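Letter by letter, the chains look like this.
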Amino acid sequence: GAVVSQHPSRVICKSGTSVKIECRSLDFQATTMFWYRQFPKQSLMLMATSNEGSKATYEQGVEKDKFLINHASLTLSTLTVTSAHPEDSSFYICSAKRGANEKLFFGSGTQLSVL
Amino acid sequence: SQELEQSPQSLIVQEGKNLTINCTSSKTLYGLYWYKQKYGEGLIFLMMLQKGGEEKSHEKITAKLDEKKQQSSLHITASQPSHAGIYLCGADPGAQKLVFGQGTRLTINP
């Protein structure tokens, strides 16, 4: 089956630093990937849609300058949390579709802790 | 915007008992997805329903989409400890993306 790989699985950083999270589709090309955020005991909140070769589409309330998304190839999207602060600590998870009207495959997520 | 309401938000059942989780949408569902998650991990795909009245089963889990396509239910028969986790329903509000309900936390007591 299709696999989405996310790296790193866990990262701890100091306040003010930037953190990059990678999301790769391993056995299919994904023109679109999605980034979600999840707080403890809460559901997934869609942050943005990552589009290969063009700008990401952000959901309302998500700061595009804070959460930089780059989808440079058909198999890789990156999320960079810039100038991270403790309130950015969360579980971030990416997903991708192999094609329209197909299910989403999810990465294993990244637990970000900002000290 | 489309909103999904799941009920109950948490559920504790005795091993071997049946249970049902519901997902109600504020708008017509054109695709309803059920996923399972253990917190801090990725999501495992369970079922996808697209047609009104559709019902799918996998092992001891059955999911249905009602005729009006605004509600779905997930039913687990003879629950086991391996069924414990967070169950999430998701729907496509358009633009080929998924939004999720708030999740149902299922605990199975031995």
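Right above here is the structure, for reference.
Values in this document were obtained by computation on a predicted structure and should not be read as measured data.

Q: How would you sum up the packing of aromatic side chains? Please name residues and give values.
A: Residues and elements named next belong to chain A. Across all of its chains, the model carries eight aromatic pairs over all chains by this definition. Seen from their ring centres, Phe 67 and Tyr 92 are 6.2 Å apart, and the 45° between their planes marks the pair as tilted. Residue Phe 67 is found in strand E7 (residues 67-73), and its partner Tyr 92 is found in strand E9 (residues 90-97); the two are separated by 25 residues along the sequence. Classification of Phe 67 by relative accessible area gives buried; the value is 6%. A residue is classified by how much of its surface remains accessible, and Tyr 92, at 0% relative accessible area, is buried.

Q: Describe in detail the sheet that holds strand E8 (residues 76-81) of chain A, supporting the description with residues and values.
A: Residue and element names in this part refer to chain A. Spatially, four strands are ordered E1-E3-E8-E7 in an open sheet, and the strand pairing comes out antiparallel. Where the open sheet ends on each side, the last strands, each with one partner, are strand E1 (4-7) and E7. Between one strand axis and the next, the sheet turns through 15° on average, direction left out of account. Pairing analysis gives six bridges linking strand E3 (residues 19-25) to E8, with the strands arranged antiparallel. For Cys 23, the partnering residue across the bridge sits in E8 and is Ser 77.

Q: If you had to explain the pairing of strand E9 (residues 85-91) of chain B to someone new, which residues and values would you point to?
A: All names here are of chain B. Across the seven residues of E9, seven count as buried, placing the element largely inside the fold. Pairing between strand E4 (residues 32-37) and E9: six bridges, direction antiparallel. Pairing of Tyr 35 across the sheet is with Leu 88, part of E9. Summarising the sheet, E9 and strand E10 (residues 99-100) pair through two bridges and their orientation is antiparallel. Within E10, the residue paired with Ala 91 across the bridge is Val 99.

Q: Before we move on, could you go through the sheet that holds strand E3 (residues 19-25) of chain B and cite the residues and values that matter?
A: All names here are of chain B. Judged by pairing direction, the sheet is antiparallel, and its five strands sit side by side in the order E1-E3-E8-E7-E6 without closing on themselves. In this open sheet, the two strands that pair with only one neighbour each are strand E1 (4-7) and strand E6 (55-58). In this sheet, neighbouring strand axes are inclined to one another by 15° on average, regardless of whether the strands run parallel or antiparallel. Here E3 runs beside strand E8 (residues 71-76); their pairing, made up of six bridges, is antiparallel. Each bridged residue has a counterpart across the sheet, and for Cys 23 the counterpart in E8 is Ser 72.

Q: Just give me the short version of the pairing of strand E4 (residues 32-38) of chain A, but keep the residues and values in it.
A: Residues and elements named next belong to chain A. By the criterion of burial, E4 is predominantly enclosed, with six of the seven residues buried. Looking at chain direction, E4 and strand E5 (residues 44-51) are connected through seven bridges and run antiparallel. Residue pairing across strands places Phe 34 opposite Thr 49, the latter belonging to E5. Hairpin geometry of E4 and E5 is characterised by an intervening segment of five residues between the two adjacent antiparallel strands and by a positive phi of about 60° at Lys 41. As paired elements, E4 and E9 share six bridges and run antiparallel to each other. Counted as the bridge partner of Phe 34 is Ser 95 from E9.

Q: Explain unusual backbone geometry residue by residue, including any values.
A: Of all residues except glycine, most have a negative phi; of all peptide bonds, most are trans. Residue Pro8(A) follows His7(A) across a cis peptide bond; omega there is 0°. Along the chain, Pro8(A) falls in the loop between E1 and strand E2 (10-13). Following Ser7(B), the chain continues to Pro8(B) via a peptide bond in cis, the omega torsion being -5°. Positionally, Pro8(B) belongs in the loop between E1 and strand E2 (10-14). Despite not being glycine, Glu59(B) has its phi angle at roughly 55°, a positive value. Secondary-structure assignment places Glu59(B) in the loop between E6 and strand E7 (61-65).

Q: Quick rundown of the nonpolar core? Include the residues and the values.
A: Phe67(A) and Leu112(A) are the most contacted members of the largest nonpolar core, which totals 26 residues. Every element with two or more residues in this core is listed here: E2, E3, E4, E5, E7, E8, E9 and strand E11 (110-114) of chain A. Sequence-distant contacts of Leu112(A), that is, excluding residues within four places in its chain, are made with Val11(A), Cys13(A), Val19(A), Val81(A), Asp88(A), Ser89(A), Ser90(A) and Tyr92(A). Formed by 22 residues, the second largest nonpolar core is a distinct cluster that contains Trp34(B), Leu49(B), Ile76(B) and Cys89(B).

Conventions we followed
Residues numbered from 1 in each chain as written. Chains lettered and ligands numbered in written order. Predicted model: local features only at pLDDT ≥ 70, side-chain atom pairs only at ≥ 80, totals over all residues. Heavy atoms only, no water. Phe/Tyr/Trp six-rings, centres within 6.5 Å; stacked < 30°, edge-to-face > 60°. Helix = DSSP H or I, 4+ residues; strand = E, 2+ residues; numbered from the N terminus. Buried < 20%, exposed > 50% of the residue type's maximum accessible area, 1.4 Å probe, protein only. Pairing = 2+ DSSP bridges. Axes fitted to C-alpha atoms, helices over the stretch in contact; angles between N-to-C directions. Core = buried A, V, L, I, M, F, W, Y, C linked by side-chain atoms within 4.5 Å. Contact = heavy atoms within 4.5 Å.

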